[in-house]
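# Residue-level structural notes
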Amino acid sequence: MDYELLLLRYGEIGVKSPPVRRRFENRLIYNIKASLDCKIINDGGRFLLYSANLEKALQKIPKIFGIVSYSPAVETTSQKDEIKKTLQNYVHYLVEKKIFSGEDSFAIRARRVGEHDFTSQEIAAYCGSVVYGITKSPVDLTNPDFEIFVEVRGDKTFIYHEKIQGPGGLPVGTQGKVISLVSGGIDSPVATYLMMKRGCEVTILNFNNAPFTEPSQKVIKIVKKLKEYASGSQLKLYQVKYGPFLKKCQEEAPERMTCVLCKSGMYQVAGMLAKIEGALAIVDGSSLGQVASQTLPNILATRYSSPLPLLSPLIGLDKLEISAIGEKIGTFEISTLPDSGCKAAPRYPETNAILEKVLEVQEEIEMESSLREVYSTITQIEV
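These notes cover the structure that comes with them. (Residues numbered from 1 in each chain as written. Predicted model: local features only at pLDDT ≥ 70, side-chain atom pairs only at ≥ 80, totals over all residues. Heavy atoms only, no water.)

## Details of the pattern of salt bridges
- Evaluated as defined, the whole model comprises 22 salt bridges.
- A salt bridge links K156 to E75, with the nearest nitrogen and oxygen atoms 3.8 Å apart. With a gap of 81 residues between them, K156 in strand 7 (residues 156–160) and E75 in strand 4 (residues 69–77) connect regions that are remote in the sequence.
- One salt bridge in this structure joins E350 and R256, with 3.8 Å as the shortest N-O distance. Of this pair, E350 sits in the loop between helix 11 (332–335) and helix 12 (355–364) while R256 sits in the loop between helix 7 (243–252) and helix 8 (258–277), and the two are 94 residues apart along the sequence.
- The class of E350 is buried, set by a relative accessible area of 17%. (Salt bridge = Lys/Arg side-chain N within 4 Å of Asp/Glu carboxyl O. Helix = DSSP H or I, 4+ residues; strand = E, 2+ residues; numbered from the N terminus. Buried < 20%, exposed > 50% of the residue type's maximum accessible area, 1.4 Å probe, protein only.)

## Section: the nonpolar core
- One finds L181, L205, F207, Y242, L261 and V269 to be the most contacted residues of the largest nonpolar core, which totals 35 residues.
- A total of nine residues in this core trace back to one element, the largest contributor, which is helix 8.
- Every residue in contact with V269, bar those within four places of it in the chain, is listed here: L205, F207, V240, L371, V374 and Y375.
- Ranked by size, the runner-up nonpolar core spans 29 residues in total, among them L7, V74, F106 and V130. (Core = buried A, V, L, I, M, F, W, Y, C linked by side-chain atoms within 4.5 Å. Contact = heavy atoms within 4.5 Å.)

Okay, here's the thing in structure tokens:
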């Protein structure tokens, strides 16, 4: 027996006002169709997805934000004799595949939308008798070993036994664009993923710190992995040559301040790109207190000159929590590949920067003009 469609469910989209809900629904459908050749019917809180290749759909759907859960299903009419026939075939299939047996207690979970000559309770009891007639399994409505779902929606009925958890969140592209600072480390890819999950379209900016770092393909591999979650958006990657600015910081600024100036400069360069890309915020992977540039005084000092809001979705997470998300989404393994690290970092970096002093040093080293030179090296990398 082959499944005929996927039932897709969304969550918080459903509590939006009607105009916003329609916009979000349309964007979600657009994002799905960007990855799949399929037909989608919006059936009042459910999407019915039909595709000649449901196996491919089952691989893609878990990575499309906005979908809370989904179910492979079979379809029939809402005539009781047709429901019975389809349910019999479905139960025989479950038994044959050893998914369900007479030793399992079961429950029918019936849901009905529209006008019918039976109630939800009546169709549940009717379907329960069909299942019992095949398996002799005991009925347990409170804590069953197995559940079969029967959704009667107008003149169509859908039967399934799985509710598979989706990625949740909001459809990518519904919350505007952000510039995300992504390195080869563990944190920034996870931060980027979480902002896509909240509906943001992301443009990635990477800083090439040569000669203070060795050439690496880690960032490109990370972006390729993140693109799997960006259906319906471009996820562009830009890179700038940042090494000359780091060298200037080493030579002209107090050594302890290198990391603070480095981070502040990254935000300012990201702001320049944001003007071109039409982005409304900058994203980074900061986690409070994790490294020298992420103490509260340093966060104040590094972000003060940023032209846009800074979003740090990992700010309250520890390394274990961040790594767990990275493992789940497939970036952790790439991020932990060996690399040389950054040789520009001082042995004793500043952890308690004084904002006034940082601003004074920025003027002394003519940081603004140096960052314009950095931005002039920007290139888009095809991924």
